[in-house]
Amino acid sequence: MQLIEPEYMKKFSCLADACPDTCCSGWDIIFDEAACSRYRESQDTALREAFHQNVLRNEEPAADGTIPFARVKLTEKQSCPYLRTDGLCTIQRRTEENNLSETCRTHPRVVQFWGDGYAEVSLQLSCPMASELVLSDQPLCFSSRSVAQEKFKGLRYRQESSQCGISFRNFLITILQWREYRVQERLYLANHFFWEAAGLNDDSQPAFFAMVDGMLSVLADRKKVRTQYGQRKRQPAMQLEILRSLLLHRLQSIEDDELKDLPRWLFVHWALDGQITSRTISLYEKDCSAAEPAFFTVHAQAAENYLVNQVFKAGNLLFKANGADQWIFLVFQYALQRFLLSAAIARSGNAYSLQEAQHLVQKITKFVEHDMLYQQQCVQFIRMLQLDHEAGLGLLCG
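From a predicted model like this one, the values you see are computed outputs, not experimental measurements.

Undergrad: Please explain the overall build of the protein as it appears in this structure.
TA: Within the protein, the secondary structure is distributed over 17 helices and eight strands. Over its C-alpha trace the protein gives a radius of gyration of 22 Å, about what one expects of a compact globule, namely 21 Å for 398 residues. Buried residues in the protein amount to 52% of all 398 residues. Sequence-distant contacts, at least 24 apart, represent 75% of the contacts inside the protein between residues at least 6 apart. A total of about 18,800 Å² of accessible surface is found on the protein, and carbon and sulfur atoms cover 49% of it. Distance between charge centres in the protein, computed from 43 positive and 48 negative side chains, equals 3 Å.

Shown next, in the form of structure tokens:
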């Protein structure tokens, strides 16, 4: 089997008890049926009793839309009952890593099979080590190698199809890595291409490749692209309303004080706790303008890597029922990350480090990207505002 993966995978290893966060708290922990059978029948009395006390049969969908077999009953501190005080997993320590559930063994990896002979692996930015590796000032590159399919035994994976879907996803990445343009301009162009191709089906390869040729011509005309980008319709009040409303909605169910502190500050600093006025917009845009040279231009590579990683692990965005919803949420999440980073940079007096940004992005990703219900609500809100199209979503692109 051929495996395609970002080069950063060669450097990835779990930080275990040295991790500044933990993947064993703050969200749902799910077990697959095979793992439940092992724990239920375990010869280890402590593990067997813990299973009967803490694992519940499940009927609710997980973050990826599937319905997991069972869910772990979290403690009052919203952590997994198998999490030890030293930050390690009781199941792994008392047995072995192969005995972990599919989800626990796989995270933060995202595994995708495209047919029988081609697989991809990437990382989710909710992991601190992954965030550090992806959000660097080095370009995100990919490599290919042959592996045995046995390598993926016991891991969760997505089954993808569609050769045209791979080509579409890869061309989105080509646009996002077209460094003759600023990152915001590239996202604007990628959004244009996404909606242009959205009406295609998997039998439309000639039409798709004609669109690619047309897009390459667009990319070659820098003057025209920059003129169009500069003349795009901007609605900062609408942009702020979307970000404020959906941020407030998520904060209602987050107990993380560190993540709540920044929104509290920005609501006051940008006068966002009331009606959005011209003063609010002025305060917000002034700080965003200052953040551009102070941080976003300096670390443009990290922003590019964020988007490329998100698109790569999204897989087939074009030829499946929820592809448009995935794209809408992907663009929204990037806008939310940039919104909160701009606030953090302003609060720091424009002395903000890449390491601080990596930490903030990791935190936001953990509490935003891994909540399927919240994803659905974000998309529904944007659709309700009738912004689920190129021009509408373009409001969040820059």
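Following the structure, the description resumes.
Undergrad: Please clarify how the side chain of Gln-337 should be interpreted in this entry.
TA: In this fold, Gln-337 is placed in helix 14 (residues 323-347). On the basis of relative accessible area, Gln-337 is assigned to the buried category, the value being 3%. For Gln-337, the side chain forms a polar contact with the main-chain oxygen of Val-361, separated by 3.5 Å. Dropping the residues within four chain positions of it, Gln-337 is found in contact with Tyr-306, Leu-360, Val-361, Ile-364 and Thr-365.

Undergrad: For this particular structure, what's the right way to read the sheet that holds strand 5 (residues 109-114)?
TA: Sheets are built from strands that pair by backbone hydrogen bonding, the pairs being arranged parallel or antiparallel. Read from one edge to the other, the open sheet built from five strands follows the order 7-1-6-5-8, with strand pairing classed as mixed. This sheet does not close on itself; its edge strands, each paired only once, are strand 7 (142-146) and strand 8 (158-160). Pairs of neighbouring strands in the sheet enclose a mean axial angle of 25°, with direction left out of account. In this structure, strand 5 lies alongside strand 8, joined through three bridges in parallel fashion. By the bridge assignment, Trp-114 is partnered in strand 8 with Glu-160. Strands strand 5, strand 6 (118-123) and strand 7 of the sheet are contacted by helix 6 (residues 163-176), whose axis makes an angle of about 135° with strand 5. Against the sheet, helix 13 (residues 300-314) makes contact with strand 1 (2-6), strand 5, strand 6, strand 7 and strand 8, and its axis sits at roughly 140° relative to strand 6, the strand it touches most.

Undergrad: I would appreciate a short explanation of the state of the cysteines in the present structure.
TA: Should the sulfur atoms of two cysteines be covalently bonded, the bond is a disulfide. Enumeration over the complete set of coordinates arrives at zero disulfides. Cys-23 takes part in no disulfide bond, and the closest cysteine sulfur, belonging to Cys-24, lies 4.3 Å away. When its relative accessible area of 40% is taken as the criterion, Cys-23 is described as partly exposed. The thiol of Cys-89 is not disulfide-bonded; the next cysteine sulfur, from Cys-24, is found 5.9 Å away.

The rules behind these values
Residue indices begin from 1 for each chain and proceed along its sequence in written order. Reporting in this predicted model follows two pLDDT cut-offs: at least 70 for local features of residues, and 80 or more for side-chain atom pairs to be given and counted; totals over whole chains, interfaces and linings ignore these cut-offs and use all residues. Remark: hydrogens and water are excluded; side-chain values derive from all non-hydrogen atoms of the structure. In this text, helices come from DSSP runs of H or I with a minimum length of four residues, and strands from runs of E with a minimum of two, each type numbered from the N-terminal end. In this description the radius of gyration comes from C-alpha coordinates, and the expected globular size is given by 2.2 Å times residues to the power 0.38. The classification of residues rests on relative accessible area computed with a 1.4 Å probe and restricted to protein chains. Under 20% of the type maximum is buried, over 50% is exposed, and intermediate values are partly exposed. Between two residues, a contact is recorded if the distance between any of their heavy atoms is within 4.5 Å. Accessible surface area values rest on a Shrake-Rupley calculation with a 1.4 Å probe, where residue burial reflects the displayed protein chains alone. Charged residues are defined narrowly, with Lys and Arg counted positive, Asp and Glu counted negative, and His plus the chain ends left uncounted. Every charge is mapped onto a representative atom, which is NZ of Lys, CZ of Arg, CG of Asp or CD of Glu. What qualifies as a polar contact is a pair of N or O atoms within 3.5 Å, subject to a donor-acceptor requirement within protein and to the restriction that residues adjacent in sequence count only when both atoms come from side chains. In this description, strands pair whenever DSSP reports at least two bridges between them. Note on geometry: axes are lines fitted to C-alpha atoms, helical ones only across the stretch in contact, with angles between N-to-C directions running from 0 to 180 degrees. Only a pair of cysteine sulfur atoms within 2.5 Å qualifies as a disulfide here.

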